[in-house]
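What the coordinates show
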Amino acid sequence: MKKALLFLFAAAWPWLMQAQVVYEDFEGGTADLTWQAGNGTYDGVIANPDPAGLNTSAFVGSYTKSNQHAYSLFSAELATNLDLSVNNQFKIQIYAGEATQVLLKLEGPGGAVEQTKNITLADVWMEYTFDFSSAAGNTGLNKIILFFDPGVTASGDTYLFDNLSAGPAGPCAGVAANPDFIDDFECQRNASYGVGFDRLTAIANPDPSGINTSATVGRYEDPLDEWSALVIDYNDAMDFSVRTTIRAKIWSPKTGQVLFKLEGGASPPAEVFIPVTQTNTWVEYTADFSAQAGANHKRIAIFFNAGVLAVAGDVYFIDDIQRIPPPPAPPLETFEPVSLTWAPLNNNTALHGTFSVINNPSSGGINTTTKVGSYTKGSSSFSTLTALLPSGFSLADKPQINLQVLAPAGSTSLRMQLSSPTAGNKDVTRDITTPGAWEELSFDYSDFIGVTDFIQMNLFFDPGFSGSGAYLLDNLSQTGSTVDPCEGVTPLPNYLDDFECQRNVAYGAGADRVSVVPNPDVSNANNSLKVGKYADPTDEWSALVLDFGAPIDLSVYNQFFIKIRSPKAVPLLFKLEGGTSNAREVTAAITQINSWQSYLIDFSAFAGENHRKLAIFFNQGVVPPAGDEYLIDDLRWRRAAYSGCINDYETAASSITNFKYFANGYLETQNYAFKVVDNPTPNGVNPSTKVGEFKRALDALPFAGMYADLDAPIKFDGAKTVRAKVLMDHIGNFAVKLEGSTTGAQAIEIPVPNTKVNEWEELTFDFSAVGSNANYQRLTVFFDLGINATGVDVTSYFDEIVIGNGACLTTRIDPDQLEAWTLAPNPAASELRVTFGETGSVRRLVVQNLMGQPVLVRDGVLASEAVLDVRSLPAGIYVLSGYRADGSLAARSKFRKD
């Protein structure tokens, strides 16, 4: 085989005659090198099972990977060091049992160099090239190591290999890979070809003219069917966030159509067909996949003359296959001349203002055009400027709309609304940051690319406020998404790290071993596009440590949730540490490998203790082999099941604030949000300071309401009832609906009439029909369910929702009913001094959080005052209760711990 290799390379590239080394070819049935299996099994030299393909050798080597090691080691040590000064481009032929990857590593006293290539097809001989020309000056390498299916533990496949050789990299030596190029068939050969690889060859350009004078191009011989393709396989999900367009130069002998297709991942395939009208000449074809920016695809397939049965001799030439940012789209509106139909809503100038095209009064900066649009609001604070969208308007490839704006002083925002007859109105609001100067606002509609019948654009300048002056607008354009997907995302305190937008925790030990990577297994178990990767060091007690910098408040959110994708079954240890309290440990175990699994760790028993860190140990107590890596995602604190007082609006931890309106008429179209407000009528039934507001629109549907998705299931503890306090200015009803069962239980909706007007009252809802394992995780509330809107907005209030037994702690105390005492200092940092009005009357002190859970107890109080050590309490609001010897309540007050 050695001579054949030399002849083949010399014929294609004469400069290869300078040197060529074949390290292993198994000729004669024996190995040239002494191969060692550090893990797995070296099966020796065997007969070639497929000598009719790329590799016609009689004998090949065989290695079976260990299914106990992610980086199963297979190597050969040379008698002398490798000479990479000339022979630095390595080639090897592999016959794999599955599509995976191969890592070739050269190491020795001089360090190590390595590269990974994709194995795109199983059960076929393929050749892989590794360019180590950048290490040409390294004379200290003497070992060749192969890792098949690197990083995957549960893989025990057999791999055949042959014809390991090295030769000069030639004129491409040291050329860095250009991420824009997939293959230029010269020095940027960055593609891993799958199906169709055996029909593609690099040859001299048969027609170096026009747009392509390259010396070398690809030659593709189309097989005799209508849907064969040339496939480029990335093995992992491609990142289409920036380089969303695929471009290639193709020389076609016939008219038809070329198809670019994304496939092989968790997302549905995406296709772009392009007509071929010019033959026997180089033409550049561009496929824009901007709409796939967040999708999961692993392969690019190129179909020449797609859908047409090929005939013998159909040959196509291809070159300069690239992935690039999308080309700019022609603007939708420049006002030079006017392209769209602009007018105030319903042509009502009194309510919605006036529009005209004027000369640009402030040409310069980002806008040097001559003509611009000018809009002045009418009497309505929601004055609306409309534009009819062009026929066939689509967001599929370019979901972002950009508009240059010059707003008057005091302006703060612009809302863009796209209107669809079938899907309704879709709004995106952007802040105006430089009133008085031109600025470009970008409105990302990526969430609505499935809507295909948008017909009108509505613009609301400073919605909800009266206008003062003219708003100028210009250069309306449509592009791929450039808006930071995390822009404007509000950090959620219980979300620690989702490796996308909620990155709210600091890592201590192990921080240098955590990185953000694409999710290799997008599925129902974890549909995130980005996840974390933790590289476990080679010792038995290293951990990934989450450092909160302050005592962790476990009073309500005391369940630690994490998703893990592990290459092996190992034990897990979760440890609370770093505070004044003793460390606490909870163990778990990974039993399912190579798939996303969720783990919920219960720390509720340690509420009230002082811990500042959470350490996660993977495979604790065991020295792991090099290369153990674990994928993690969605680290967050969750609360235990919702039971007792679940909503009192006195603290964020004890309140459901993520309610969203539905069927709520014009208020919903204006994105009116749920609000927590001051209690308008505090009294004995409800002395709370804060309550929830429900505003029913004048045109609301009879089933208008609000829903909140909960981060834990509802659990009835004792009585199967729900209680809620309501305040209404009329007689109607309040309804509670439990839905979103994780076990498939039917939703239950119960309305209860109110009996008082402008007074708080507590209503009770009988949910005795709820099964023991319903696991509802959505709470929906309604005011006046089934009653038509009255033509005016109606505001009602609710508070203190209680599931089953228990009660919400009142936060205002009637001093006439209890003894006098004083608490100082309040707020307290370390000590709280309690001075009693009646000496000896209080025998027991109990500190509770706002969920009613005891966090500190002091018995045997007999003196005129007591001092409580509150240093271990997390910062927050607490209720201190004093009890007499007979158990009756003597006094109660709130205090704050700083």
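Below or above, wherever it landed, is the structure these notes cover. (Residues numbered from 1 in each chain as written. Predicted model: local features only at pLDDT ≥ 70, side-chain atom pairs only at ≥ 80, totals over all residues. Heavy atoms only, no water.)

**Examining the sheet that holds strand β27 (residues 413–420)**
In plain terms, the rule: At least two bridges found by DSSP between two strands is the condition for calling them paired. Think of it this way: any DSSP run of H or I at least four residues long counts as a helix, any run of E at least two long counts as a strand, and we number them from the N terminus. Where helices are involved, their axes are fitted lines through C-alpha atoms of the stretch in contact, as for all axes, and angles between N-to-C directions lie from 0 to 180°.
Strands sit in the order β22-β25-β30-β27-β28 across an open sheet of five strands; the sheet is antiparallel. On the outer flanks of this sheet lie β22 (341–344) and β28 (424–431), each paired with one strand and no other. Looking at each pair of strands side by side, their axes are set apart by 20 degrees on average, direction ignored. Bridge count for β22 against strand β25 (residues 385–388) is four bridges, and the pairing is antiparallel. The residue of β25 that forms the bridge with Trp342 is Ala387.

**Here we look at the nonpolar core**
The cut-off we apply is this: Take the buried residues of types Ala, Val, Leu, Ile, Met, Phe, Trp, Tyr and Cys, join any two whose side-chain atoms come within 4.5 Å, and each joined set is a nonpolar core. Buried, partly exposed and exposed residues are distinguished by accessible area as a fraction of the type maximum, computed with a 1.4 Å probe on protein chains only: under 20%, between the cut-offs, and over 50%, respectively. Two residues qualify as a contact provided that any one of their heavy atoms is within 4.5 Å of a heavy atom in the partner residue.
One finds Phe659, Phe734, Phe765, Phe767, Leu779 and Phe798 to be the most contacted residues of the largest nonpolar core, which totals 42 residues. Those elements that provide at least two residues to this core are β47 (705–709), β48 (721–727), β49 (733–739), β50 (748–753), β51 (761–766), β52 (778–783) and β53 (794–803). Once residues within four sequence positions are removed from consideration, Phe767 is found in contact with Phe716, Lys720, Thr721, Val722, Val736, Leu738, Ile748 and Ile750.

**Here we look at empty space enclosed by the protein**
Keep this limit in mind: Here the term cavity refers to a set of points on a 1 Å grid, laid over the protein atoms alone, in which a 1.4 Å probe fits but cannot get out; the term pocket refers to an open set having protein on both sides within 12 Å along at least five of seven lines, with lining residues being those that place an atom within 4 Å of a point. Grid points are joined across faces, edges and corners, and a volume is the space filled by probe spheres set on the points. Any residue that is not Ala, Val, Leu, Ile, Met, Phe, Trp, Tyr, Cys, Pro, Asp, Glu, Lys or Arg is counted as polar, Gly included; the first ten are nonpolar and the last four charged.
Overall, the coordinates contain one cavity of 30 Å³ or more when judged by the stated rule. Taken as a whole, the largest cavity holds about 30 Å³ of empty space. Lining the largest cavity are Ile250, Ser252, Val258, Val276, Phe304, Asn305 and Tyr316. The class makeup of the residues in the lining of the largest cavity is five nonpolar, two polar and no charged.

**Considerations on the state of the cysteines**
To keep things clear, this is the line we draw: Note on disulfides: each one is a pair of cysteine sulfur atoms within 2.5 Å.
By the definition in use, this model includes two disulfides. With a sulfur-sulfur separation of 2.1 Å, Cys486 is cross-linked through a disulfide to Cys501. One quick way to see it: the torsion about the S-S bond of Cys486 and Cys501 is about -85 degrees, and its sign makes the bridge left-handed. With Cys486 in the loop between β31 (470–479) and β32 (495–497) and Cys501 in the loop between β32 and β33 (506–507), this pair connects stretches of sequence that are 15 residues apart. Residue classification places Cys501 among the partly exposed positions, given a relative accessible area of 26%.

**Examining the environment of Glu114**
Tracing the backbone shows Glu114 in strand β8 (residues 111–119). Sequence separation between Glu114 and Ser356 is 242 residues, and the spatial gap between their C-alpha atoms is 64 Å. For Glu114, the contacting residues outside a window of four places in its chain are Leu103, Leu104, Lys105 and Phe132.

**Some details on the pairing of β53**
Within β53, nine of the 10 residues are buried, leaving the element largely enclosed by the surrounding structure. With three bridges connecting them, strand β43 (residues 644–647) and β53 associate as antiparallel partners. For Asn647, the partnering residue across the bridge sits in β53 and is Ile801. As judged from the five bridges shared by strand β46 (residues 690–696) and β53, these two strands associate in the antiparallel manner. Bridging from a neighbouring strand, Glu693 pairs with Tyr797 of β53. Across five bridges, the pairing between β48 and β53 is antiparallel. When the sheet's bridge partners are listed, Val726 is paired in β53 with Phe798.

**With respect to the packing of aromatic side chains**
Quick note on the threshold: Aromatic rings from Phe, Tyr and Trp, taking only the six-membered ring of Trp, are treated as a pair when their centres fall within 6.5 Å; an angle between ring planes under 30 degrees marks them as stacked, one over 60 as edge-to-face, and anything in between as tilted.
The final tally for this structure, using the stated rule, is 48 aromatic pairs. Residues Trp35 and Phe74 carry aromatic rings whose centres are separated by 5.1 Å and whose planes lie at 20 degrees to one another, so their mutual orientation is stacked. Note that Trp35 is positioned in strand β2 (residues 35–37) and Phe74 in strand β5 (residues 74–77), a separation of 39 residues in sequence. Each of the two residues, Trp35 as well as Phe74, counts as buried.

**Focus on the environment of Phe90**
As for its position among the elements, Phe90 is in strand β6 (residues 87–96). Sequence spacing of Phe90 and Tyr128 is 38 residues, and the spatial spacing of their C-alpha atoms is 8.2 Å. Excluding anything up to four places from it in sequence, Phe90 contacts Tyr23, Leu82, Leu84, Leu104, Leu106, Tyr128, Thr129, Phe130, Phe132, Leu164, Ser165 and Ala166.

**A short note on the pattern of salt bridges**
A pair can form between side chains of opposite charge whenever their charged atoms are brought close. Going by this rule: For salt bridges, the criterion is a side-chain nitrogen of Lys or Arg within 4 Å of an Asp or Glu carboxyl oxygen.
Counting across every chain of the model gives 30 salt bridges. Of the charged contacts, one joins Glu263 and Lys261 as a salt bridge, the two residues approaching to 3.7 Å between their closest N and O atoms. Classification of Glu263 as buried rests on a relative accessible area of 15%. Relative accessible area serves as the criterion here: at 17%, Lys261 is assigned to the buried category. A salt bridge links Glu585 to Lys575; the nearest nitrogen and oxygen atoms lie 3.9 Å apart. Here Lys575 lies in strand β38 (residues 571–577) and Glu585 lies in strand β39 (residues 584–589), a separation of 10 residues in the sequence. What makes Glu585 partly exposed here is its relative accessible area of 49%. If you follow the salt bridges from partner to partner, you end up with Lys261, Glu263, Glu271 and Arg299 in one network.

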